[in-house]
Every structure is written in structure tokens, then in C-alpha cells.
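So you can see what is in the structure, the chains are spelled out below.
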Amino acid sequence: MSTVEEFFAQHDDWPWNPPRPGRATFHYLILVTEGELAHDVDHVTRTVNPGQWLWVRPGHAQCWHPPGAARGPFILFEPDVLRPDLARLLAPLTAHDAPAVLSPHPDDGAWLQQTALQLLDEHRALGRRPLDVHHALRRSLLESLLLRLANSPGIAPATPATATAGTGRADRYGRFLDVLELHFRELHHAADYAALLGCSVRTLSRAARDATGKGVREVIDERRLLEARRLLGGARWDARAVAVHLGFTDPANFGRFFRDRTGLTPAAYAARDNRTDP
């Protein structure tokens, strides 16, 4: 737990000089209280204004921009810090495809900022209280903060535990995304996921269309493309290794897949994304 300005001051020559993409292994949660923060998440530059939160989740590719006038609390936490029951409630918020920039409900803004500052204060209070009390307070404040952030516009409410599995297209699409995240490397057809979910391809297709306006195959391809961009960029894998990792039988097929969707060959994309000039 720190602040944006302290983080920049402590790392004045890294990682933005020159900026290089990397893969997040923690949750990066930043509230901007002053100025403007620019940050690349999965190769898209996000602009975060006062009152907004930036959330980079584990697995996302990120790239820092040169420090500016941004100010605000900066929270880092590991994925397994959340208790299982809380993790289920927060699943829509922590999902890999949840919004990178959150704009909380106006009624929540002041409360969220105050809670983040209290969390920062407790982090700095190490030694002021018994260690177990200190850790319990930090956990309680973080959990309260995340539960309130889950009320932000654009975050779908979690499906109640008492709901019948498979009821509603939104629920079915949410389960499809969960299964996709586990299997997108080896399963590439709508029929594969329909079989896992116990429904027809037509039913799954309707759920995807209702949720996104896209077909199931397009959603699958977008997830594979995102992983390819992450690996070619921040992870610096070569095209052949990415092709094998994503289940392409021939690197040439992967090359066509990537070029058709980005306008660049994998090699050209990697060269552009890994440039080291400031």
C-alpha cells in the first residue's frame, strides 16, 4: 500500500524510462484524487481522471507512462488474499474482462476515498497495534472497499448462491466466460463450450449475442488474440511459441489469424510493442 506519487518517486528510472510492457501478477488498484493518470492495460491506453479507479488484474499486460501530476492511494494485493466466500461475491469485479477504469456511483465516491486513505494509514501503522489486529484491520478495510467498488456502474451483480444454475442467458454467458478462461488455449469451437455447459450451440450463441452482440466464435477468437498480444508484447515470446501455446497446428495459421485481426504480422507487432526508445 502506497500512493501514486510515492511509487513514482521510489522508481524514478523504472519502469517508464523507457516504458516496457509487463504482465501483472498482483491486483493493481489506484484511485486518482488529483491530476490525470495514463496507463496501458492490454495494449490500450486508459486515462484515469480524479474520482476514477484504475484496476489492473493479474494476467493483464500493462505498461506505465511517464509520471505526471497524478496523485492518490495505490493498493497492491495478491489474488489469494480474498476469502473464498468474498471472492465469489466479487467475481464480476475481479474477472479478467471487467472494466480497467471504474467510475463509482457519485454517492460512493467520498466513502471509497476515505476508506482507501484509512487503509493507507493502517498499512503505515505497523507496530502501533498487535500484529494480528493490524492484519485483521487491513483485511477488513480492503474487503469493505472492494465490496463498495462492486457497486460501480458497468459491474454486473454477482449471481446469488441460491440461484438455480443455468437460469437466464446472462448467467449462462457468465459461466461460459469462466470456462473459456480455463480452456481457450485448447478449445476453439462453440460446440466444445456448449458441451461443457450442457446446452446447445444455439442456446449458447443466443446468450453471447444478448450479452455482447457477438457470436461465440468471435468471443473465443478475441480471447486468443488478447493472449497472443500479451505474450508477443510484455512476455516477449516468439510467434512459433505463441502458436503452440494457443493450440494452432501451424505457425502460418497463427500468422494469418493474427494479421487478419490486427493488420500486423506477429513479428511486426512484437517489434513495435517491444521498442525501447523513450
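Everything below is about the structure shown above.
Keep in mind that this is a model prediction, so the values were computed, not measured. (Residues numbered from 1 in each chain as written. Predicted model: local features only at pLDDT ≥ 70, side-chain atom pairs only at ≥ 80, totals over all residues. Heavy atoms only, no water.)

1. Section: the overall build of the chain
A count of helices and strands for the chain gives 12 helices and 9 strands. At a minimum sequence separation of 6, the contacts of the chain that also span at least 24 residues come to 69%. (Helix = DSSP H or I, 4+ residues; strand = E, 2+ residues; numbered from the N terminus. Contact = heavy atoms within 4.5 Å.)

2. Describing helix 4 (residues 106-123)
Across its 18 residues, helix 4 extends 26 Å between first and last C-alpha, which sits within 8% of the 26 Å expected from 1.5 Å per residue. What helix 4 keeps buried is the set D108, L112, T115, A116, L119, L120 and E122. For helix 4, the arc enclosing every buried residue in end-on projection is 160 degrees, short of the 170-degree limit, so these residues lie on one face. In this structure, the buried residues of helix 4 make contact with strand 1 (2-3), strand 6 (53-56), strand 8 (73-77) and helix 5 (131-149). (Expected span 1.5 Å × (residues − 1). Buried < 20%, exposed > 50% of the residue type's maximum accessible area, 1.4 Å probe, protein only. Arc of directions from axis to C-beta.)

3. Some thoughts on the pairing of strand 4 (residues 37-41)
Where burial is concerned, most of strand 4 is hidden: 4 out of the 5 residues are buried. Relative to strand 5 (residues 44-48), strand 4 runs antiparallel, the two sharing 5 bridges. What sits directly across from V41, in strand 5, is V44. In this sheet, strand 7 (residues 61-64) lies alongside strand 4 in antiparallel orientation, the contact comprising 3 bridges. Its bridge partner lying in strand 7, D40 is registered against C63. (Pairing = 2+ DSSP bridges.)

4. Description of the pattern of salt bridges
When their charged atoms lie close together, side chains carrying opposite charge are able to pair. Applying the stated rule across the entire model yields 14 salt bridges. For R148, the salt bridge is made with D108, and the minimal N-O distance between the two is 2.7 Å. Here R148 is found in helix 5, whereas its partner D108 is found in helix 4, with 40 residues between them in sequence. Close ionic contact of D221 with R261 constitutes a salt bridge, the shortest N to O distance being 3.2 Å. Of the two residues, D221 is situated in helix 9 (residues 216-232) and R261 in helix 11 (residues 251-262); the sequence distance between them amounts to 40 residues. One network of salt bridges, with partners in common, ties together R23, D42, E181, R223, E227 and R230. (Salt bridge = Lys/Arg side-chain N within 4 Å of Asp/Glu carboxyl O.)

5. Here we look at the nonpolar core
Ranked by internal contacts, the top residues of the largest apolar core, which has 30 residues, are F176, L180, Y193, L204 and F254. Those elements that place two or more of their residues in this core are helix 6 (169-183), helix 7 (190-197), helix 8 (201-212), helix 9, helix 10 (239-245), helix 11 and helix 12 (266-273). Excluding residues that lie within four positions of it along the chain, L204 makes contacts with R172, F176, A190, Y193, A194, L197, C199 and V216. Counting 21 residues, the second largest nonpolar core, distinct from the first, contains W53, L86, L93 and I155. (Core = buried A, V, L, I, M, F, W, Y, C linked by side-chain atoms within 4.5 Å.)

6. Comments concerning the sheet that holds strand 6
The strand order 1-8-3-6-9 describes an open sheet built from 5 strands, whose pairing is antiparallel. Of all the strands in the sheet, just strand 1 and strand 9 (101-102) have a single pairing partner and so form its edges. As defined by bridge partners, strand 3 (residues 27-31) adjoins strand 6 across 4 bridges and the pair is classed as antiparallel. The residue bridging L29 from the neighbouring strand is W55, located in strand 6. Running at roughly 65 degrees to strand 8, helix 4 makes contact with strand 1, strand 3, strand 6 and strand 8 of the sheet. (Axes fitted to C-alpha atoms, helices over the stretch in contact; angles between N-to-C directions.)

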